[in-house]
Structure formats: structure tokens, C-alpha cells
Amino acid sequence: MGRLFLYAAAVTSVIVLTLVFTILTVGSAGIPSSSPAPSAGTGGDPGAPIGEIMISAFDLGFDPSEVDVPEPGTYTVHFTNTGAILHDLTFDGQPSQSAEPGEMVMFDVVIPEGGTTFQCTVPGHADGGMTGTVTVAGAGGGHEAMTAEEMRDVDAAVTARFPEETSAHGGQLLEPEILADGTKVFELTASVIQWEVEKGHFVEAWAYNGMVPGPEIRVQLGDRVRIVLHNELDVPTTLHSHGLIVPNAMDGVPAITQDAILPGESFTYEFTVRNSGSHMYHSHFMAQRQVPMGLLGAFVVEDPADPPVDVDTAMILNDGPLGFTINGKGFPATAPIVATQGQLIRVRYMNEGLQIHPMHLHGIPQQVIAVDGYPLEHPYYQDTVLVAPGQRVDVLIRASELGVWAFHCHILSHAESDEGMFGMVTALIVTE
């Protein structure tokens, strides 16, 4: 009986599917239709959607990045953000539509006869690969390709601007107030600013003491440290000293070790520095947004046992709403490292971003000497050093080779585009 029932159900399904297929294929020739679907090319309402476009955003790209539609007209776009950070979808000449991570938004877009392009307008994202095209019936998008000479000249013009001066620089050394008992007091204020990522390109940033990265805190092993954080944001925040061994109450995690610091309030973090090395400080409230927006900084603890160097510099890597940045700037506004031949350089990589960044130096090897603040028993050489989110990696570079040496993230969509280098690119300049 059970098998007979399944057989009858299968036959019924086939009959129903056949009838549906007949209705769809015969259409108005066999069955009268009182409301045919409007078409932009056939005299229907030109503003009514004639189809759908499905696009997903990820970090950092679109799927698909090439869309083909059968005819020009209005289409309903289903835009889903599958990434971990905010993205938007902007069709050429039409309003942007943004989506938070995990969010899906729907909106209508008009596709002209020649097709169009789309991109994410969050700073740095289009340069990182978040662009796409829409073609109509397989036609091209209407953008003429540059000649080889034009491509060369566009690329060279961007590089010729390096190092491009901007209005402010982050990571400036913060001098403490030293109390009678030797305690070093550092004042930090979190606020919203306009930050010049590249010359003339200002974006909203959340900053400590009006700079991105925040000011560098540099102390010695064994120091007593007090950090007073003032919150001038319109949302709560906290401060986490990433990598440092601190009392539980000073760890800066809301609802676990402290209450979040409300707008207009302050909180004091105080502890004795117990471990040396390259560390960071950053927000731990809505960190996926506040840290990429700029609430981050270097916290360096010096040890008398550290190897003596001629140049000691932190290189803070970040990605997100400010774009792909090195110390708060995108190429060609990044600052080079300058040394004379023979000098020893210590670079303290600090990844405050949401993605891995393998940092590649041309022409000269890097000796990895410490990871996450801990010296390596057996240092080793690399020309490309992988730095994961939250990780710190210290390298020594002997400035042995004269010249200007490219220095960049080797996820190439973080450093190069069709219009030239951008983002996570700088240079090591070795002079005589």
C-alpha cells in the first residue's frame, strides 16, 4: 500500500509539472493573460523591475563581480553582506546602499543600454578589488581600455607622489606625566575626527588624541603605568592593553572586567609593567567597528636586554573603513623608513586589522627576532613575514643595499590596482 501511494504521488507531481510547463511556454497564445510582465524594451512601465540581480559582498570582493542582464531597464538588486565588516554597493551614478555584516538589503537599480559598473565606496575597498561590471546581453560596459602607454603613465604618476605629505601623522610618542612615586601617567581621549588618509582624501575616523594610530606609549620593564581614558564618543568604549600581563580588573573587557565607559565618562587603568616587547592598546567595545575606525595604538615596553638598533619603528597595519593603511595612511601618503647604509633597523609589525597581512621587503632579508613580544630562541630570516590579526612580529633589517626598496603587503589586492599602487605600500630608503 505504501509503495502504491508513493507511485500515485509521483504520477500526480509529473502531471502538475507538465501543466505548469505548458502554461509557461504557451503564454498568451494559449491562455489569455490580463497583466503581462512589463519590459523596459517592449513598451511596459520603464520604472517597474523586469528582473533581479543577486550580489554578495565579502572581504574584499563581490560575488559575482561580472553580471550579465538580458536587456536594459530596472532591476531589483538583492545585496547580501557575507563579510565581517560594513560594505556598500554603489552602481555608477546611483545612490549607495550599505549593509552591515550578515545583512541583506533590496533596492532597484536602472541598467542603461551600455551597461554599468558597481563598487564598494568604503575607503580602500574598491582599490582592494571591490568593483564589478554589468553588461547588457553580453555587450561591453562602455569603458574604453587604456593604451599600454596610458597605463604606464597612470601608474608612474601615482608612484611619483610618494611620499605624499598630509595634514597630520599618527603614532606620535606620548610623553607621560611622572608622579613623585615614579608612576607614569598617560592621558588618552577617544573622539571622532576627520582623518586625511591620502592627500585631500578625508574620512571619518575614531581616534585617540586626534590621531590614527593613537600616540605611541613607550615605557620600560618594571614601570608603574597609569592610563586615563576619556570618552568623547557618542557610544561606550573601553581600553585593552593587548599582550600585556595586567591585573584582571585592568584588562578592559566590558561586562567581564569592568563596565563600559559611557560617553562623557573616564576610566583609569593602572598596573606595573611585567612583560617587555611589542604590544598594542585598542578598544574592546564594538571592537570590530571601533578598532578598524582608528581606536588603536602601539604599546612598546623596552628591556635593557633588547639588541641596540639605529632605527626603531612600529608599523601598524589596519584594514576596514579607513582602507588598507600603514600607520593610518594609504600609499602614496605612507611614510618611508629611511636609514644610512649599514644601519640596523627594528620594525615592530602590529596587525590591528581584520585580515592577515604578509609583509614583503624587496632586496634585503628580514630577521624575525620576536613574536607577540616574546624573543625567539632561534631567530630566522624571511623576505615575506606573515602577520595575523592581533599579532606582533619584530624583525631586524640591516640596511646593506643602497637604493629605494619597495615594502608592501603581499596580498596584492591590498597593495596594487589597475590605477597603480595604493594602500599597504611604503619603501625602505637606504642612503650613503
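Residues numbered from 1 in each chain as written. Predicted model: local features only at pLDDT ≥ 70, side-chain atom pairs only at ≥ 80, totals over all residues. Heavy atoms only, no water.

Report on unusual backbone geometry, specifying residues and quantitative values.
With an omega of 0°, the peptide bond between aspartate 63 and proline 64 qualifies as cis. Here proline 64 shows up in the loop between strand 2 (61-63) and strand 3 (66-69). Cis peptide bonds are those with omega within 30 degrees of zero, and the linkage from phenylalanine 331 to proline 332 qualifies with 10°. For proline 332, the location among the structural elements is in the loop between strand 20 (325-326) and strand 21 (337-340). Even without a glycine there, the phi angle at asparagine 327 is positive, about 50°. Among the secondary structure elements, asparagine 327 is positioned in the loop between strand 20 and strand 21. (Helix = DSSP H or I, 4+ residues; strand = E, 2+ residues; numbered from the N terminus.)

Account for empty space enclosed by the protein, naming residues and giving values.
Applying the stated criterion across every chain yields a total of one cavity of 30 Å³ or more. The computed volume of the largest cavity comes to approximately 30 Å³. Considering the residues around the largest cavity, the lining is formed by Val212, Pro213, Leu296, Ile316, Asn318, Thr325, Asn327 and Gly328. Of the residues assigned to the lining of the largest cavity, the class counts are four nonpolar, four polar and no charged. (1 Å grid on protein atoms, 1.4 Å probe; cavity = no way out; pocket = protein on both sides within 12 Å on 5 of 7 lines; lining within 4 Å. Points joined across faces, edges and corners; volume = space filled by probe spheres on them. Nonpolar A, V, L, I, M, F, W, Y, C, P; charged D, E, K, R; others polar.)

Outline the side chain of glutamate 198, listing residues and values.
Of note, glutamate 198 is situated in strand 11 (residues 184-198). Among buried Asp, Glu, Lys and Arg side chains, glutamate 198 stands out as unpaired, with arginine 161 the closest opposite charge at 4.3 Å. The contacts of glutamate 198, once residues within four sequence positions are left out, are Arg161, Glu164, Thr166, Gly330, Phe331, Pro332 and Ala333. (Buried < 20%, exposed > 50% of the residue type's maximum accessible area, 1.4 Å probe, protein only. Lys, Arg positive; Asp, Glu negative; His and termini not counted. Salt bridge = Lys/Arg side-chain N within 4 Å of Asp/Glu carboxyl O. Contact = heavy atoms within 4.5 Å.)

For the pairing of strand 9 (residues 131-136), give the residues involved together with the corresponding values.
Note that strand 3 and strand 9 share four bridges and pair parallel. Among the inter-strand pairings, valine 67 is bridged to a residue of strand 9, identified as valine 134. Pairing analysis gives four bridges linking strand 8 (residues 116-119) to strand 9, with the strands arranged antiparallel. Residue threonine 116 lies in a different strand from strand 9, and its bridge partner there is valine 134. (Pairing = 2+ DSSP bridges.)

Requested: an account of the sheet that holds strand 13 (residues 217-220), with residues and values cited.
The strand order across the open sheet built from four strands is 13-18-17-15, with neighbouring strands paired in mixed fashion. Bordering the open sheet on either side are strand 13 and strand 15 (240-242), each of which pairs with just one other strand. Neighbour-to-neighbour, the strand axes of the sheet open up by a mean angle of 25°, direction not taken into account. For strand 15 and strand 17 (residues 277-282), the ladder comprises three bridges, and the chain directions are antiparallel. Looking at strand 17, one finds that histidine 242 is bridged to methionine 280. (Axes fitted to C-alpha atoms, helices over the stretch in contact; angles between N-to-C directions.)

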